[in-house]
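One letter stands for each residue in the lines below.
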Amino acid sequence: MFGRFHNYLRISVTEKCNLRCQYCMPEEGIDLTANEKLLTTDEIIRVARIFVQQGVDKIRLTGGEPTVRRDIIDLVRGLDGLRPLGLRKIAMTTNGIALRRKLPLLREAGLDGLNISLDTRDPLKFEVFTRRRGCEQVLRAIDEAGKLGFDFVKVNVVVMRGQNDDEVPAFIEMTHDDSIDVRFIEYMPFDGNRWGKQKLVGYQELLDKLRPLYGDNIEQLPLEDNHTSKGYRIKGYRGQFGFITSMTKSFCSSCNRVRVLADGNLKVCLFGNTEVSLRDLLRAGASDSDVVETISQAIKRKKQAHAGLDSLSHLPNRPMIKIGG
């Protein structure tokens, strides 16, 4: 619909997480879906295969926190077996806490790239953001990932006014010697995260604050196809940085993503509240063609664009941890 071809599937493989980030999980926690209502590993692989046969060539595993899933290595290996059908990229979004010791096995199993979430480099502020300790573990995981030959290592930073917006230059300096991509994400509203417009720092404001520090050394990079990040780099630096501008300058017109949640619901828009259960279809004995038809109809109903800034915070949606980053 609207000239968009959806070739990127994000699969949430668990609702569980070992952190309690402010913007992701409500302070009171969440009610976890019963295990028997979550997709099994075989069901995940089947759904992934169906999507790949329909043209999906990139799959990202999300959560919750994917690395807390006991069979995460086997799951990646199972997805790797879909490459003859056309799958090109397998990626994962992770908070990095339990990542480092799994990195070699994940790479060996077929994982191509990593997005590692880190909203502050300050250990004390890290505890405030996540309600847990572990800042140094995440920094070590980022460093180790850069040595293992992944196609890309990206660092995701959700920027909130008065909390970590002063750390943006320090994050950019991480790109000086390392070929990483730091992406600054505009703070988005989800159920229970107490979003407020006053906490939002738009990308243009951040960019304006960087110009006195870096001047003409800031280079804008060409937009990639189906981009989510507006990319930049500092002349002479090995890595790059960018801005994910979901709130102030949406990229709905080039969106190529759909999501399957841990409970098997298909969600075609991050901010949409319409979902359809693929799990129920599978367990009712549906054929692959039946599943394809359901997916096709859901995508055809995907809106041209999500609601505007002033409306999003009032619309019902799941907490981010139940959607997947």
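Everything here concerns the structure above.
So, here's what we can say about the structure. (Residues numbered from 1 in each chain as written. Predicted model: local features only at pLDDT ≥ 70, side-chain atom pairs only at ≥ 80, totals over all residues. Heavy atoms only, no water.)

Enumeration over the complete set of coordinates arrives at 7 aromatic pairs. Here the aromatic rings of Y232 and F241 are separated by 5.8 Å at their centres, their planes lie at 20°, and the arrangement is stacked. A single burial state applies to Y232 and to F241, both of which are buried. An angle of 75° between the planes, with centres 5.8 Å apart, marks the rings of Y232 and F243 as edge-to-face. (Phe/Tyr/Trp six-rings, centres within 6.5 Å; stacked < 30°, edge-to-face > 60°. Buried < 20%, exposed > 50% of the residue type's maximum accessible area, 1.4 Å probe, protein only.)

Mapped onto the elements, L32 comes out in the loop between β1 (8-12) and α1 (41-53). Assessed through its relative accessible area of 47%, L32 is described here as partly exposed. When the C-alpha positions of L32 and E15 are compared, they lie 6.7 Å apart, and in sequence the two are 17 residues distant. Non-local contacts of L32, meaning those with residues more than four positions away in its chain, are made with E15 and K16. (Helix = DSSP H or I, 4+ residues; strand = E, 2+ residues; numbered from the N terminus. Contact = heavy atoms within 4.5 Å.)

It is worth spelling out the pairing of strand β5 (residues 152-159) at this point. Burial runs high along β5: 8 of the 8 residues are buried. Bridging between strand β4 (residues 113-117) and β5 involves 5 bridges; their strand directions are parallel. Opposite S117, over in β5, you have N156 as the bridge partner. Bridge analysis of β5 against strand β6 (residues 181-186) gives 6 bridges, and the strand direction is parallel. If you follow V158 over to β6, its bridge partner there is I185. Once the chain exits β5 it traverses helix α6 (residues 168-173) before rejoining the sheet at β6, and the crossover so formed is right-handed. (Pairing = 2+ DSSP bridges. Right-handed = clockwise from strand over helix to strand, strands pointing away.)

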